[in-house]
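Now for the letters of each chain:
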Amino acid sequence: MSSHHQAIQDKLAMGITWSVAMLLMSTFLWLFSDIVIHGISGVSWEFLTARPLNAGREGGIAPILVSTALILMVCMAIALPIGLGTAILLSELTHQFGWMSNLIRRSLDVLAGIPSIVFGLFGNAFFCITLGLGFSIVSGGLTLACMVLPILIRSTEEGFRALPADYRLSAAALGLSQASTLISLLIPAAMPAMLAGFILGLGRAIAETAALIFTSGYVDRMPESLWDSGRALSIHIYDLSMNVPGGNANAYATALVLITLLFIINAGAQAIGHRWSSKRVLVA
Amino acid sequence: MFKTWSSSIPSFPYHRDQLLRWALWSCASIAGLILVFIILFLILESVPALRHLGVNRFMFDPSWHPGENTFNLMPMILGTLFTTIGAIALAGPIGFCSALFCHCYAPPRLASLYGRFIELLAGIPSVVFGFWGLVVLVPLINQWHPPGPSMLAGILILAMMILPTTSLLAQSSLAQVPTEYLRGAAALGLGRWATLRRVVIPAAKSGLWTAALLATGRALGETMAVLMVCGNVVQIPSSIFDPIRTLTANMALEMAYAVDDHRSALFVSGVVLLLMVLILVTAANWSNRVPRHV
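The structure displayed is predicted, hence computed values, not measured ones. Sequence order sets the numbering: in each chain, residues are counted from 1 along the sequence as written. By the order in which they are written, chains take letters starting at A while ligands take numbers starting at 1. Owing to the predicted nature of the model, reporting of local features is limited to residues with pLDDT of at least 70; listing and counting of side-chain atom pairs is limited to 80 or more, with chain, interface and lining totals taken over all residues. As a rule here, side-chain values cover all heavy atoms of the structure and leave hydrogens and water aside.

Regarding its fold elements, chain B presents 12 helices and two strands. What counts as a helix is a DSSP run of H or I of at least four residues, what counts as a strand is a run of E of at least two, and both are numbered from the N terminus. Helices (α) and strands (β) of chain B occur, in sequence order from the N terminus, as α-α-β-β-α-α-α-α-α-α-α-α-α-α. Taking the principal axes of the C-alpha coordinates as reference, chain B spans close to 70 × 65 × 30 Å. Under the scheme applied here, a residue whose accessible area is under 20% of the maximum for its type counts as buried, over 50% as exposed, and between as partly exposed, the area being computed with a 1.4 Å probe on protein chains only. Classification of the 294 residues of chain B by burial places 54% in the buried group. Carbon and sulfur atoms make up 67% of the accessible area of chain B, which totals about 13,400 Å². Areas reported here follow the Shrake-Rupley algorithm with a probe of radius 1.4 Å; residue values treat only the protein chains shown as occluding.

Okay, here's the thing in structure tokens:
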């Protein structure tokens, strides 16, 4: 291949990748700006604190924010301890539970690929009907907990694996028990990774719609307890745009609120990731 | 990894350690059993329909009208396949180019900014994509070729949805190519494109395939975005401007009021979907495990 030929190919490839990237960026900026431009006028303190009126066309989203927060709380309250325990077993005790940890890791890989609507079907059949929880915030939260577990576990496990071997060796040399090593040394040291996993899981959970339609339900009243049905933000957007003629204005505003929350969550994850990596350099 | 706690060294007979091990074991069992439970419940719920209707009727009934006792899933299966294939055909090459841009062509500062942007996009809820498609894209398509809600809209929105994931996965497989290869190529006097085409891409091939397979799995299972832009008419489309209904949209639309065999038939479609995704995930894991031949 002549160098002249090569130079032309180089230029061509460069041109193509640049233009594709710019096209991609501009499409997504179009999406963002559309939602910001149409949504910003609808978002106000009143919008955040008022009840929805007239099927959501007017009024605000206060009960929906509360329901979303409660669903996320239930989800994390269940998923965090189970995720932490599993991650510790997978990273620290693998050699004691060899075949089992292999099996669990496989099953989590598959679980991570399961579509959210299938989680919804399962949540409906198991939590709502078999366990008799009905359409409730608890059912929705539990369904989401199943969904975010793989993310939580993967991130936490990686955090534990990234800890220097010296930690475990020195703890063993000092005669610390396994439990004390974990509680007073490894868990605090792996905390940033756990936090990053928590935030990633939170982002996934707050974005979820399909798994919640048949588990936490549609009701847009202020939930009185965890056993009440509650509507999540994403379902509110879906319902307003699909089932409520004239609901687009408030759907835009709700979408803007949801995206803003996700931006905050994302920024948090990146800040932690950044801090964590710089901290690890110091430790090493 | 570390032999510190292995059984070859007598572990400390602390009661707390036993308790801890027991607690961890139960956590992990719960995490591992979720998948078993999901599969079990999906099968349990779909048994009535399979028993009353049999497999054939899901393929050969005249139409999908559960109220009139006809249960043909084929239009929805085809709808899912068409949108998925269309989406990956669009998002695959674009995501690959985007990964190349971020990894090889963009100046470092822009590359890191671009990478962050893509990461951010990967977290955008599908319902927001669907909403944008519904209020912006569908009217545009309607102007071009009515009715608007169509397979084309579904393909475009799905492609946008899986693009960030595709790009991120492709990027990470490009990043795994050892730097010695790049230095070797530079020492041989290869240009940037020649290096990419002859060295980097072949070395990252299995990772790129994994990325494509995982993105396809994501597209297959996507619900809200396609539900909102595809029009949801149960039919086998004759052009890309025809409205269609996917398997996932069908479940989301009808679960709310489905009873008896109808409900069970929806779970059958859930099993079908799960099977398709499982095949893809297995293929992705397998292609990731194949040793790289360079």
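This next bit is on the side chain of Thr-83 of chain B. All names here are of chain B. Turning to its location among the elements, Thr-83 is positioned in helix α3 (residues 74-105). Between N or O atoms, a polar contact is any pair within 3.5 Å; within protein, one atom must be a potential hydrogen donor and the other a potential acceptor, and residues adjacent in sequence are included only when both atoms are from side chains. A distance of 2.8 Å separates a polar atom in the side chain of Thr-83 from the backbone oxygen of Gly-79. The contacts of Thr-83, once residues within four sequence positions are left out, are Met-151, Ile-155, Leu-158, Cys-230, Ile-244 and Thr-246. Contact criterion: two residues are considered in contact whenever any of their non-hydrogen atoms come within 4.5 Å of each other.

For the rest of this paragraph, the subject is helix α9 (residues 191-206) of chain A. One less than the residue count of a helix, multiplied by 1.5 Å, gives the span that helix is expected to have. Compared with an ideal rise of 1.5 Å per residue, which puts 16 residues at 22 Å, α9 of chain A spans 22 Å between its outermost C-alpha atoms and is within 8% of the ideal. Along α9 of chain A, the residues that are buried comprise Pro-192, Ala-193, Met-194, Ala-196, Gly-197, Ile-199, Gly-201, Leu-202, Gly-203, Ala-205 and Ile-206 of chain A.

Looking at where His-236 of chain A falls in the secondary structure, it is placed in helix α11 (residues 233-242). Contact partners of His-236 of chain A, with chain neighbours within four places excluded, come to Gly-56, Ile-61, Ile-64, Arg-231 and Thr-254 of chain A.

Moving on: empty space enclosed by the protein. Residue and element names in this part refer to chain A. Any residue with an atom within 4 Å of a point lines the site, the site being either a cavity, points on a 1 Å grid over the protein atoms alone where a 1.4 Å probe fits but cannot get out, or a pocket, an open set with protein on both sides within 12 Å along at least 5 of 7 lines. Grid points are joined across faces, edges and corners, and a volume is the space filled by probe spheres set on the points. Throughout the structure, instances matching the rule amount to one cavity of 30 Å³ or more. Here the largest cavity defines a volume of roughly 30 Å³. As for the largest cavity, its lining consists of Thr-68, Ile-71, Leu-72, Leu-144, Ala-205, Ile-206, Glu-208, Leu-212, Ala-232 and Ser-234. Where the lining of the largest cavity is concerned, the elements lending two or more residues are α3 (62-92) and α9. Here the element with the most residues in the lining of the largest cavity is α3; it accounts for three residues. Of the residues in the lining of the largest cavity, the class split is seven nonpolar, two polar and one charged. Residue polarity follows a fixed list, in which Ala, Val, Leu, Ile, Met, Phe, Trp, Tyr, Cys and Pro are nonpolar, Asp, Glu, Lys and Arg are charged, and the others, Gly among them, are polar.

Residue and element names in this part refer to chain B. Chain-level pLDDT for chain B is 87 on average; 93% of the residues reach the 70-or-more range. Helix α5 (residues 126-144) holds the highest mean pLDDT among the elements of chain B, 93, whereas helix α2 (residues 56-60) holds the lowest, 84. Along the chain, pLDDT gives the predictor's confidence residue by residue, from 0 to 100. A low-confidence stretch, residues 1-10 stays under pLDDT 50, and its non-local contacts, those more than four residues away or across chains, total 18 contacts.

What follows covers the interface of chain B and chain A. If you look at the interface, chain B gives 87 residues, while chain A gives 92 residues. Both sides of the chain B and chain A interface together cover about 7,900 Å² of buried area, and 79% of this is carbon and sulfur. Between Lys or Arg on one side and Asp or Glu on the other, a salt bridge is scored when a side-chain nitrogen of the former is within 4 Å of a carboxyl oxygen of the latter. There are zero salt bridges connecting chain B and chain A. At the junction of chain B and chain A, the tally comes to eight residue pairs in polar contact (both at pLDDT 80 or more). No other element matches helix α1 (residues 15-53) of chain B, which puts 19 residues into the side of chain B that touches chain A. Here the buried area means the combined drop in accessible surface, using a 1.4 Å probe, for two parts upon being joined, counting both sides.

This brings us to the packing of aromatic side chains. Both the distance between ring centres and the angle between the ring planes are used here to describe each pair of aromatic rings. Paired rings are identified among Phe, Tyr and Trp, the last through its six-membered ring, by centres lying within 6.5 Å, and are further divided according to the angle between planes into stacked (under 30 degrees), edge-to-face (over 60) and tilted (the rest). In total, this model carries 17 aromatic pairs over all chains according to the counting rule given. Relative to Phe-131 of chain B, the ring of Tyr-252 of chain A lies with its centre 4.8 Å away and its plane at 75°, an arrangement referred to as edge-to-face. With Tyr-252 of chain A in helix α12 (residues 248-283) and Phe-131 of chain B in helix α5, this residue pair bridges two chains. The pair Tyr-252 of chain A / Phe-131 of chain B is uniform in exposure class, with both members buried. Where Trp-144 of chain B meets Phe-241 of chain B, the ring centres are 5.1 Å apart and the plane angle is 90°; that geometry is what we call edge-to-face. Highlighted residues: Trp-144 of chain B in helix α5 and Phe-241 of chain B in the loop between α10 (224-229) and α11 (247-254), separated in sequence by 97 residues. Ring pairing ties together the aromatic residues Phe-122, Phe-126 and Phe-127 of chain A together with Phe-37 and Phe-41 of chain B, which thus form one cluster.

All names here are of chain A. Following both chains from N to C, one finds helix α7 (residues 165-173) and helix α8 (residues 178-189) inclined at 165°, their axes separated by 11 Å at the closest point. In terms of orientation, α7 lies roughly antiparallel with respect to α8. α8 is crossed by α7, and the crossing has right-handed handedness. Contacts between α7 and α8 pair Tyr-167, Arg-168 and Ala-171 from the former with Thr-181, Leu-185, Leu-186 and Ala-189 from the latter. A class-by-class count of the residues in the contact of α7 with α8 yields five nonpolar, one polar and one charged. To get an axis, fit a line to the C-alpha atoms, keeping to the stretch in contact for a helix; angles then go from 0 to 180 degrees between the N-to-C directions. Put simply, angles under 35 degrees are roughly parallel, angles over 145 are roughly antiparallel, angles from 65 to 115 are roughly perpendicular, and the rest are oblique. Rotating anticlockwise by less than a right angle from the far helix to the near helix defines a left-handed crossing, while the corresponding clockwise rotation defines a right-handed one.

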